[in-house]
Amino acid sequence: MILKLNDETRQRLWQQLIETIERYAADVEQLNVAPELKREEIRALLASFDFTQPLDAVEALRFATEGLLKYQVHTPHPRYFGLFNPAPATMGIAADTLVAAFNPQLAAWSHSPLANEIERHLIRAFGERFGYDPAMTDGTFCSGGAEANQTALISAIVDRFPQFDEEGLRGLKAQPVFYISAQGHHSFLKAARFCGLGTNAVRWITTDAGDKMDVASLEAQIRKDRTDGCAPFMVVATAGTTSSGVIDDLEQLARLAANESLWFHVDAAWGGAAALIPELRPILAGIEHADSITFDAHKWLSVPMGAGIYLTRHDNILDRACRITTDYMPHDAAGMGVIDPYTHSLQWSRRFIGLKVFLSLAVAGWKGYEILIKEQTALGNLLRQQLAIHEWKVVNDTPLPIVCFLDGKSPAGSSATHLDAIAGEVVKSGKAWISTTRLNNKMPVLRACLTNYKTQAEDILALIAALDEAREGVNAAEQRH
Ligand SMILES: *Cc1c(COP(=O)(O)O)cnc(C)c1O
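Rules and cut-offs
- Residues numbered from 1 in each chain as written.
- Predicted model: local features only at pLDDT ≥ 70, side-chain atom pairs only at ≥ 80, totals over all residues.
- Heavy atoms only, no water.
- Helix = DSSP H or I, 4+ residues; strand = E, 2+ residues; numbered from the N terminus.
- Buried < 20%, exposed > 50% of the residue type's maximum accessible area, 1.4 Å probe, protein only.
- Lys, Arg positive; Asp, Glu negative; His and termini not counted.
- Salt bridge = Lys/Arg side-chain N within 4 Å of Asp/Glu carboxyl O.
- Polar contact = N/O pair within 3.5 Å; in protein donor to acceptor, adjacent residues only side chain to side chain.
- Contact = heavy atoms within 4.5 Å.
- Near = heavy atom within 4 Å.
- Areas by Shrake-Rupley, 256 points an atom, 1.4 Å probe, with all protein chains shown as cover.
- Pairing = 2+ DSSP bridges.
- Phe/Tyr/Trp six-rings, centres within 6.5 Å; stacked < 30°, edge-to-face > 60°.

(A) Examining the side chain of Asp 138 more closely. In this structure, Asp 138 sits in strand E1 (residues 138-142). Within the buried set, Asp 138 has no salt-bridge partner at all; the shortest N-O distance to an opposite charge, 7.2 Å, is to Arg 124. A distance of 3.2 Å separates the side chain of Asp 138 from the side chain of His 344, its partner in a polar contact. Discounting chain neighbours no more than four positions away, the residues touching Asp 138 are Ile 123, Tyr 310, Leu 311, Thr 312, His 314, Asp 315, Leu 318 and His 344.

(B) Representation of the site of the ligand in the model. Residues in close proximity to the ligand total 13 residues, the closest being Gly 145, Ala 146, Asp 267, Asp 296 and Lys 299. One of the backbone N or O atoms of Gly 145 is found 2.8 Å from an oxygen atom in the ligand. A distance of 2.6 Å separates an oxygen atom of the ligand from a polar atom in the side chain of Asp 296. Surface burial for the ligand is 84%, taken as the share of its 380 Å² of free accessible area covered by protein chains.

(C) Seen up close, the pairing of E1. Where burial is concerned, most of E1 is hidden: five out of the five residues are buried. Of the two faces of E1, the one lined by Asp 138, Thr 140 and Cys 142 and the one lined by Gly 139 and Phe 141 are each fully buried. Pairing geometry for E1 and strand E7 (residues 308-312), over five bridges, is antiparallel. Within E7, the position partnered with Cys 142 by the bridge is Gly 308.

(D) Up close: the packing of aromatic side chains. Tallied over the entire structure, the rule returns 13 aromatic pairs. Residues Tyr 80 and Trp 433 carry aromatic rings whose centres are separated by 5.2 Å and whose planes lie at 35° to one another, so their mutual orientation is tilted. A residue pair is termed long-range when its members are at least 10 positions apart, and Tyr 80 in the loop between helix H3 (57-70) and helix H4 (90-102) and Trp 433 in the loop between helix H13 (416-429) and strand E10 (435-439) qualify at 353 residues. One exposure class covers both Tyr 80 and Trp 433, and it is buried. Considering the side-chain rings of Trp 270 and Trp 300, the 4.4 Å spacing of their centres and the 20° angle between planes classify their relative orientation as stacked. Separated by 30 residues along the polypeptide, Trp 270 in the loop between strand E5 (263-267) and strand E6 (292-296) and Trp 300 in the loop between E6 and E7 bring together distant segments of the chain.

(E) Layout of the pairing of E10. By the alternation rule, side chains of E10 split into Ser 435, Thr 437 and Leu 439, which are all buried, and Thr 436 and Arg 438, of which none is buried. Between the end of E10 and the start of strand E11 (residues 443-449), which pair antiparallel, lie three residues, with Asn 440 showing a positive phi angle near 50°.

Right under this line is the structure:
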């Protein structure tokens, strides 16, 4: 049994695996956060794998472990101040391991009744947190936010253009267009391509001084599009922009979408976690009016990737978007009042994504997450305070722990080259990971985001020290030129 391996090898393999996982979680902070990017070195390592000589199982596992230790950004590191990639929660790791071993198939309900019911239960629980009526909440687990956003797009199209189902875009008289803030997520460009709309269908609406979608510009663009013979069908609000954590005015956009008969989608991939915190919940006011919501459990809820969630308060829309029947799939669902996930999702064969969310939430509880997210929010405030003391200038305004800032001390402190050089130095030092982005699509900034449950006050101070050191190095280099 070549794939099963013998008992003795399996024992050694599992033991090695568990030790590796334990050691990584315990020691990750001793590693450089980011690797050097050595493409040729990695390719040379792989060149010896021509798959003619079978490798010992434990040896193969060791190869993968050593490679990953050396050649990846360690997003579980407490000083990874990055792009919403969290340290995976222990229960999430356990769940994903169990899922790999049991391999439940989530295409058909009857193949995995417990898994399906767990996901249904979670969809309703999260819907309720966002203010939906749980009995009406439908949705599906996805690979991530990008798939959830694409599911939103296809839902909106199918809902607003019934002839699209059979005739596609050729059945429509007018070009469909939809609206998103210029700081919204670019997965919508891909979604527009994949749905056949083309990227011209995406109307990027300018943002106001606070980086929120400018509602007057949105209204003007909708009027213009209607005059030009286009067919507006959806508004996407962002609850927590990727660059700076800004939340669009959801109440106002919900009202406008309703008046204009547009599908209202809220992309809350990261920021949606604010719904779990009573003090932060008001910043999401209006999300309950959304026709659909994107939320990523693999961001602030710290489950391993990928765990996207698509939620909708229309309990038949996924059915209209995804329904098919086949002879070869099981048909038991029909008489049982249950749903086969392959008729409610872009995916067909599907991994049991929900278990890592279920077990993490069951063990931490809503309360556990609330405490954690509050701590991270407080650390965000500490970072802002420390940056100001050390003459860095915070330029974004959000209650969420994303901080965008400039160098308030150096003459070139707001130039893109200078800020890129500082981020580069910090990353190269291995002490922390931060990045740069642009606000309002023009102003270059440094960006540090806290998503990691292991990050502590001392890590914030270490980041400040790394930034100060990088600034000195960069200033010295600039003066030499
Ligand atoms: C991360 C993110 C996405 C994309 O989600 P993935 O899980 O990476 O596919 C979409 N929108 C927003 C606002 C995000 O932060």
